Amino acid sequence: MEYRHDAGLEDLCPVCGDKVSGYHYGLLTCESCKGFFKRTVQNNKKYICAENQECRIDKAQRKRCPFCRFQKCLHVGMRLEAVRADRMRGGRNKFGPMYKRDRALKQQRKALIQANGFRIESSPLLVSSTHQRDLTFTGGLHQVPILHSASLPAAQNDRISYQPQSLLLPSYSPAATQYQGTSFSNWTIKSERTNNCASSPGPAAGVGSDELHLRAFSPQGPRMPQLVMEFLRCDPDELQLQSKITARLVQEQTVWEKHGNLSTFSLMCLMADQMLFSIVEWARTSIFFKQLKVSDQMKLLHSCWSDLLLLDIISRQVLYGKEGSLLLVTGQEMELSDITSHAGPTLVSLVQRGQELVEKLHILKVDRQEFACIKFLVLFNSDVNQLEDHHFIESVQEQVEGALLEYTLCNSSHLLGRFAHLLLCLSELRSLSSLAEDYLYCKHLSGEVPCHNLLIEMLHGKRSWA
DNA sequence: TTAGCCTTGAAG
DNA sequence: CTTCAAGGCTAA
């Protein structure tokens, strides 16, 4: 077959690595993944993974596990909404301008590479770098916009308008229509992906690990102890986390919708649940922790899961969030005033204290490196009872403290005071997460937390360990 | 079910 | 008119 997309010649399909045949459903993919994605979405197919939902997808094995293949399609950023519900053929959709921009950028990059006389291997990371999601919410009696429109300027005049749909649920699904008129029917998602590394990232745009790597060695970058570098390496990339959790929530939601409509609170629980899975995954694959016996791993995680969850939420606000709103892991934003005006006194106080902590950390200008250290500090708590490898955990704790101290001393002007402040924030975090846990447990007892999730398991776990 | 090729049709 | 990303068709 003749190749018409010269700009895409060097690109490989981000799903399976096969030859790209053009833009399909949001990005450059091969013909087979295009077809697979279309069949899956159009026929509302549900797959089950026979393994551990982490099958490798490449050209040779892509047929083996459709579940993981579809997960990967969503993960790399293929767009459900680009599959037409009415099956209309031909024409152009709202992604047209985006494809055009992307093409221009690739051209630019190519020219730059040629001009500089060097080559850069094209990586999937470059193809799907920044990924902004945007959402507005009109709930119940009130018009509550929870995310600001910073979306496609071109989309505003677009022929195809966004249909009201449930959060994360693609409009093609028949279930989305069932939602019409329910309390959750008016979530609208606006999305934009810009395939440009050079463009200024959105508020939720994390720093890719490559960039961090470069920055660590750059002369003007912060001085970085070896261990801090290692912690950063373990830290998941914010954008990858965003698309992974969004993809999982899409699947979750299709399951839950069968039981009726989801409240905002329930949805937040499902989101927290997915965040917990990611936290466990992070811990399992992290330096030091992976060397522990499973029994010790369990004890540590059971003791600090809520601290880690809260730390994850808080660090996101400090690093990428903006004042007065809550940035979710999915990249969506909620106005804090909207949350507190609909919440009870306990939640209001929790949100306020959380906000104060965010403010403190913001003033201290805590960066990703320090948050990465704090996460390890939270995880390796030698005060946990009946640890088998107590000595090792204690020594890790000391090493982390040392690394954090060294880093803060080298990179801040307030010297020791700053380190002490960070530790104070850590104790505030712990007391806050403990309150949040109690709050959640009460909600669980009153039946408001969706069942069968990791969140509940952790809530019960800690109470039986105690 | 997959994946390569074909047809369609709005945008430019 | 051409382009090219949608959906459709069909042999393997």
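Residues numbered from 1 in each chain as written. Chains lettered and ligands numbered in written order. Predicted model: local features only at pLDDT ≥ 70, side-chain atom pairs only at ≥ 80, totals over all residues. Heavy atoms only, no water.

**What about the overall build of chain A?**
Point 1. Along its length, chain A carries 16 helices and seven strands.
Point 2. Of all 466 residues assigned to chain A, the portion counted as buried reaches 50%.
Point 3. Partitioning the intrachain contacts of chain A with sequence separation of at least 6 by distance along the chain shows that 69% fall at a separation of at least 24.
Point 4. In the structure as shown, chain A presents an accessible area of about 23500 Å², 55% of it carried by carbon and sulfur atoms. (Helix = DSSP H or I, 4+ residues; strand = E, 2+ residues; numbered from the N terminus. Buried < 20%, exposed > 50% of the residue type's maximum accessible area, 1.4 Å probe, protein only. Contact = heavy atoms within 4.5 Å. Areas by Shrake-Rupley, 256 points an atom, 1.4 Å probe, with all protein chains shown as cover.)

**A word on the packing of helix 10 (residues 294–320) against helix 12 (residues 345–363)**
Point 1. Taken N-terminus to C-terminus, the directions of helix 10 and helix 12 make an angle of 50°; their axes are 9 Å apart at the nearest point. Looking at the two axes, helix 10 sits oblique to helix 12. Relative to helix 12, the crossing made by helix 10 is right-handed. Packed against helix 10, whose contacting residues are Ile 314, Gln 317 and Val 318, the element helix 12 presents Gly 354, Leu 357, Val 358, Leu 361 and His 362 at the interface.
Point 2. Residues of the contact of helix 10 with helix 12, tallied by class, amount to five nonpolar, three polar and no charged. (Axes fitted to C-alpha atoms, helices over the stretch in contact; angles between N-to-C directions. Parallel < 35°, antiparallel > 145°, perpendicular 65-115°, else oblique. Left-handed = near helix turned anticlockwise from the far one by under 90°. Nonpolar A, V, L, I, M, F, W, Y, C, P; charged D, E, K, R; others polar.)

**Things to note about the pattern of salt bridges**
For side chains of opposite charge, pairing can occur when their charged atoms come near one another.
Point 1. One pass over the structure, following the stated rule, counts 16 salt bridges.
Point 2. For Lys 34, the salt bridge goes to Glu 31, with nearest N and O atoms at 2.9 Å. Placement of both Lys 34 and Glu 31 in helix 1 (residues 31–42) is noted, with a separation of three residues, approximately one turn of the helix.
Point 3. By relative accessible area, Lys 34 is classed as partly exposed at 23%.
Point 4. A residue is classified by how much of its surface remains accessible, and Glu 31, at 42% relative accessible area, is partly exposed.
Point 5. Measuring nitrogen to oxygen at the nearest pair gives 2.9 Å for the salt bridge that ties Glu 333 to Lys 322. (Salt bridge = Lys/Arg side-chain N within 4 Å of Asp/Glu carboxyl O.)

**As for the nonpolar core**
Point 1. Core analysis: the largest hydrophobic core is formed by 75 residues, its most contacted members being Phe 231, Leu 361, Leu 379, Phe 380 and Leu 455.
Point 2. Examining the composition of this core, we find that ten residues originate from one element, helix 10, more than from any other.
Point 3. Aside from chain neighbours lying at most four places away, what touches Phe 380 is Ile 287, Phe 288, Phe 289, Leu 292, Leu 300, Ile 393, Val 396 and Gln 397. (Core = buried A, V, L, I, M, F, W, Y, C linked by side-chain atoms within 4.5 Å.)

**With respect to the protein's contact with DNA strand B**
Point 1. Surveying the vicinity of DNA strand B reveals 14 residues, the closest of which are Glu 31, Arg 39, Arg 62, Arg 89 and Gly 90.
Point 2. When the atoms of DNA strand B within 4 Å of the protein are grouped by moiety, sugar and phosphate amount to 67% of the total.
Point 3. Here Lys 45 contributes a side-chain N or O atom positioned 3.4 Å from a phosphate oxygen of DNA strand B.
Point 4. Separating a phosphate oxygen of DNA strand B from a side-chain N or O atom of Arg 62 is a distance of 2.9 Å.
Point 5. Per-element tally for the surface near DNA strand B: the top contributor is helix 1, with four residues. (Near = heavy atom within 4 Å. Polar contact = N/O pair within 3.5 Å; in protein donor to acceptor, adjacent residues only side chain to side chain.)

**Observations regarding unusual backbone geometry**
Point 1. Here Arg 87, not a glycine, exhibits a phi torsion of approximately 60°, which is positive.
Point 2. Tracing the backbone shows Arg 87 in the loop between helix 2 (66–76) and helix 3 (96–116).
Point 3. Phi is positive for Lys 365, close to 55°, though the residue is something other than glycine.
Point 4. Inspection of the secondary structure assignment puts Lys 365 in the loop between helix 12 and helix 13 (368–379).
Point 5. Taking relative accessible area as the criterion, Lys 365 reaches 67% and is therefore assigned exposed.

**Side note on the protein's contact with DNA strand C**
Point 1. Around DNA strand C sit 18 residues, and of these Tyr 25, Arg 84, Arg 92, Tyr 99 and Arg 103 come closest.
Point 2. Within 4 Å of the protein, atoms of DNA strand C come from sugar and phosphate in 73% of cases.
Point 3. Separating a base oxygen of DNA strand C from a side-chain N or O atom of Lys 34 is a distance of 2.8 Å.
Point 4. Between Arg 103 and DNA strand C, the recorded distance is 2.6 Å, taken from a side-chain N or O atom to a phosphate oxygen.
Point 5. At the level of secondary structure, the elements contributing two or more residues to the surface near DNA strand C comprise strand 1 (22–24), helix 1 and helix 3.
Point 6. With three residues, helix 1 is the largest single contributor of residues to the surface near DNA strand C.
Point 7. Residue composition of the surface near DNA strand C, grouped by class: six nonpolar, five polar and seven charged.

**Quick look at the environment of Leu 455**
Point 1. Tracing the backbone through its elements, the reader meets Leu 455 in helix 16 (residues 454–465).
Point 2. For Leu 455, a relative accessible area of 1% corresponds to the buried category.
Point 3. As a C-alpha pair, Leu 455 and His 444 span eleven residues in sequence and 9.9 Å in three-dimensional space.
Point 4. In this view, Leu 455 contacts Cys 269, Ala 272, Asp 273, Leu 276, Trp 305, Leu 309, Leu 440 and Val 449; residues no more than four positions away in its chain are not counted.

**Structural notes on helix 1**
Point 1. Along its twelve residues, helix 1 runs 16 Å from first to last C-alpha, staying within 8% of the 16 Å computed at 1.5 Å per residue.
Point 2. Regarding helix 1, the residues found buried are Cys 33, Gly 35, Phe 36, Phe 37, Thr 40 and Val 41.
Point 3. On its buried side, helix 1 packs onto helix 2.
Point 4. Downstream of helix 1 by a residue or two, Asn 44 has a phi angle that is positive, lying close to 50°. (Expected span 1.5 Å × (residues − 1).)

**Structural notes on the UniProt feature "binding site: a phospholipid derivative" (unreviewed entry) in chain A**
Point 1. When the UniProt feature table is mapped onto this chain numbering, "binding site: a phospholipid derivative" (unreviewed entry) sits at Gly 344, Pro 345, Thr 346, Leu 347, Tyr 439 and Lys 443. Spanning 100 residues, the annotated positions come together in the fold, the maximum distance between their C-alpha atoms being 13.6 Å.
Point 2. Summarising the element assignment, Leu 347 is placed in helix 12.
Point 3. Residue Leu 347 is classed as partly exposed on the basis of its relative accessible area, which comes to 22%.
Point 4. Excluding residues within four positions of it along the chain, Lys 443 makes contact with Phe 265, Glu 448 and Val 449. (UniProt positions renumbered as here; feature names shortened; annotations may be inferred.)

**Brief notes about the side chain of Glu 437**
Point 1. Within the secondary structure, Glu 437 sits in helix 15 (residues 416–445).
Point 2. Its relative accessible area of 5% is what places Glu 437 among the buried residues.
Point 3. Among the polar contacts listed, one links the side chain of Glu 437 to the side chain of Ser 306, at a separation of 2.5 Å.

**Overview of the packing of helix 7 (residues 226–234) against helix 14 (residues 390–411)**
Point 1. At a closest axis distance of 8 Å, the pairing of helix 7 and helix 14 adopts a crossing angle of 105°. Here helix 7 is positioned roughly perpendicular relative to helix 14, judged by the angle of their axes. Contacts between helix 7 and helix 14 involve Leu 227, Val 228 and Phe 231 on the former and, on the latter, Gln 399, Val 400, Ala 403 and Tyr 407.
Point 2. Taken together, the residues of the contact of helix 7 with helix 14 sort by class into six nonpolar, one polar and no charged.

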